[in-house]
Amino acid sequence: MPLRAAAAAVRWAFPLLLIALASCAGTVNTVCRTEITLQERDHLMLAPVRINGTTVMGILDTGAQTSAVTDALVARLGLLGDPRNGTLMSGVGGEGVAQSDAVVDRFDLAGFDPGTGHYPVISLPISDPPESTDAAPLGALIGADLLSHFDLDLDVANHRLVLYDPDRCQGPLPDWTVPATAVPLDTLWSGRLQLPVRIDGREMQALLDSGATMSVLDLPAAEKLGVTPEMLAREKGGEGFGAAGVNFRRVPYTFRTLEVGGERITAPRISVLDRSLRETDMLLGLDWLRLHHVWISYHRHILFIAQPVGVG
């Protein structure tokens, strides 16, 4: 299966910009709790957003620095380009091609809309549903700039996402009745979330990436664990793609152990990249999230992992 992974963004702007779109006020019509049924498409999890009043599906991507719109949606809605502002997207495969942003009046996620702004334009090789269905087309990427407004109760296995606005909720969060393990999160300069993990007993840093179909480890980290290019050459590799539009090579490899939050997984199969991730050692992706019900708190910098019933 193809693997899609996290993307960062570098914004550029001409100094003579006459209209500062970022200064426009947003609107917050959120409630404490909004439950969303996630759709799965091409092994990715999608959630609905409203862009300029049109409902489209967006890739739920905690590994993306910024939200984005697809080139197909730009054409469909006739979104204006912003020649004075643009974005250079970068990801696992490297840097893409800098291009002008699209001007969006409303980008609404569960009642939170940051207001008129400019968003990167991306192209993703993901199929749309048949026209005969009522399913909304893919039109966006939902990144940390929007998700960080909420606490996320994410249950990938059951296609369920609950967004909590901490400013509007009364009582403790999470509101689970099951015990949970708390893992500290670091917020990177890009707004993305990183947590400590151990692979084969060695401490690493992992980006929590709901936009990566599989967990991946970069080559320098793998080499520290004794994995050589010659060893990887004996394994069957595959292709992956990122939001930056650049493909990359990865090779699945079986390690001895993966530890996250005190839980030890034996013989984990993790894809090794042919390059460095630079900002982190690893992407902890949907393969891990499918096995764990989690609560992501951007405000308190904590990841809660629900323990199975009967495990204390």
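In short, a report on the structure. (Residues numbered from 1 in each chain as written. Predicted model: local features only at pLDDT ≥ 70, side-chain atom pairs only at ≥ 80, totals over all residues. Heavy atoms only, no water.)

**Topic: the overall build of the chain**
Applied cut-off: A run of H or I in DSSP becomes a helix once it reaches four residues, and a run of E becomes a strand once it reaches two; helices and strands are each numbered from the N terminus. Using a 1.4 Å probe, accessible areas were evaluated by the Shrake-Rupley method; residue-level cover was limited to the displayed protein chains.
A count of helices and strands for the chain gives 5 helices and 31 strands. Put simply, the chain shows about 13,600 Å² of open surface, and 54% of that area lies on carbon and sulfur atoms.

**Examining the sheet that holds strand β18 (residues 160–164)**
Formally: One bridge is not enough; two strands pair if DSSP finds at least two bridges between them. A fitted line through C-alpha atoms represents every axis, and for helices the fit uses only the stretch in contact; the resulting angles, taken between N-to-C directions, go from 0 to 180 degrees.
Taken in spatial order, the 6 strands of this open sheet run β4-β18-β17-β30-β31-β19, and their pairing is antiparallel. Both outer strands of the open sheet, β4 (33–37) and β19 (180–184), are each paired with one neighbouring strand and no more. Averaged over all pairs of adjacent strands, the angle between strand axes in this sheet comes to 15°, irrespective of strand direction. In terms of strand pairing, strand β17 (residues 151–155) meets strand β30 (residues 294–297) through 4 bridges, oriented antiparallel. In the strand pairing of β30, leucine 154 is matched with valine 294.

**Quick word on the pairing of strand β16 (residues 138–142)**
For clarity, the threshold we go by: Exposed residues in this analysis have more than 50% of their type's maximum accessible area, buried residues have under 20%, and partly exposed residues fall in between, with area computed by a 1.4 Å probe over protein chains only.
When you tally the buried positions in β16, you get 5 out of 5 residues, the bulk of the element. Of the strand pairs in this sheet, strand β7 (residues 54–60) and β16 are connected by 4 bridges, and their pairing is parallel. Among the inter-strand pairings, isoleucine 59 is bridged to a residue of β16, identified as leucine 141.

**Overview of the packing of aromatic side chains**
As a reminder of what qualifies: In this scheme Phe, Tyr and Trp rings, the latter by its six-membered ring, pair at centre separations within 6.5 Å, and the angle between planes marks the pair as stacked below 30 degrees, edge-to-face above 60, and tilted otherwise.
Scanning the entire structure with this criterion turns up 5 aromatic pairs. The interplanar angle of 70° and the centroid separation of 5.1 Å between the aromatic rings of tyrosine 253 and phenylalanine 255 together place this pair among those described as edge-to-face. With respect to burial, tyrosine 253 and phenylalanine 255 carry one shared label: buried.

**Notes on the nonpolar core**
What counts here: In this description, a nonpolar core means a group of buried Ala, Val, Leu, Ile, Met, Phe, Trp, Tyr and Cys residues linked to one another through side-chain atoms lying within 4.5 Å. Contacts are assigned to residue pairs that have any heavy atoms within 4.5 Å of one another.
Val69, Leu195 and Leu303 are the most contacted members of the largest nonpolar core, which has 75 residues in total. Beyond its immediate sequence surroundings of up to four residues, leucine 303 is in contact with Thr181, Ala182, Val183, Leu185, Leu195, Leu208, Trp288, Val294, Trp295 and Ile296. Among the nonpolar cores identified, the runner-up in size contains 8 residues, and Val162, Trp176, Phe304 and Ala306 belong to it.

**Some thoughts on the pattern of salt bridges**
The following threshold applies: In the sections that follow, a salt bridge refers to a side-chain nitrogen of Lys or Arg positioned within 4 Å of a carboxyl oxygen of Asp or Glu.
All told, the structure shown has 13 salt bridges when counted by the stated rule. The closest approach of N and O atoms between arginine 106 and aspartate 113, which form a salt bridge, is 3.4 Å. Judged by its relative accessible area of 36%, arginine 106 falls in the partly exposed class. Salt-bridge contacts for arginine 168 lead to aspartate 165; the nearest nitrogen and oxygen are separated by 3.2 Å. The exposure class assigned to aspartate 165 is buried, which follows from its relative accessible area of 0%. Here the salt bridges do not stand alone but share partners, grouping Arg33, Glu35, Asp153 and Arg160 into one network.

**Remarks on the pairing of strand β27 (residues 263–266)**
Summarising the sheet, strand β26 (residues 257–260) and β27 pair through 4 bridges and their orientation is antiparallel. Pairing of leucine 258 across the sheet is with isoleucine 265, part of β27. Linking β26 to β27, which pair antiparallel, is a turn of 2 residues; within it glycine 261 sits at a positive phi near 60°.

**A short note on the side chain of aspartate 153**
Spelled out, the test is: In protein, a polar contact requires one atom able to donate a hydrogen and another able to accept it; more generally it is a pair of N or O atoms within 3.5 Å, and residues adjacent in sequence count only if both atoms are side-chain atoms.
On the secondary structure map, aspartate 153 appears in strand β17. At 3.2 Å, the side chain of aspartate 153 and the side chain of tryptophan 176 are in polar contact. Residues within four places of aspartate 153 in sequence aside, it is in contact with Arg160, Leu161, Val162, Tyr164, Trp176, His293, Val294 and Trp295.

**Observations concerning the environment of proline 268**
Note on placement: proline 268 falls in the loop between β27 and β28 (269–273). Here proline 268 falls in the buried class, since its relative accessible area comes to 7%. For the pair proline 268 and arginine 256, spaced 12 residues apart in sequence, the C-alpha separation works out to 6.7 Å.

**Some remarks on unusual backbone geometry**
Here the residue pair leucine 173 and proline 174 is connected by a cis peptide bond, since its omega of 5° sits within 30 degrees of zero. Tracing the chain through its elements places proline 174 in the loop between β18 and β19. Within the chain, aspartate 42 stands out as a residue other than glycine whose phi angle is a positive 55°. Mapping aspartate 42 onto the fold places it in the loop between β5 (39–41) and β6 (44–51). Judged by relative accessible area, which is 33%, aspartate 42 ranks as partly exposed. In this structure, alanine 110 is a non-glycine residue whose phi angle is positive, near 50°. With respect to the secondary-structure elements, alanine 110 resides in the loop between β12 (107–108) and β13 (112–113).

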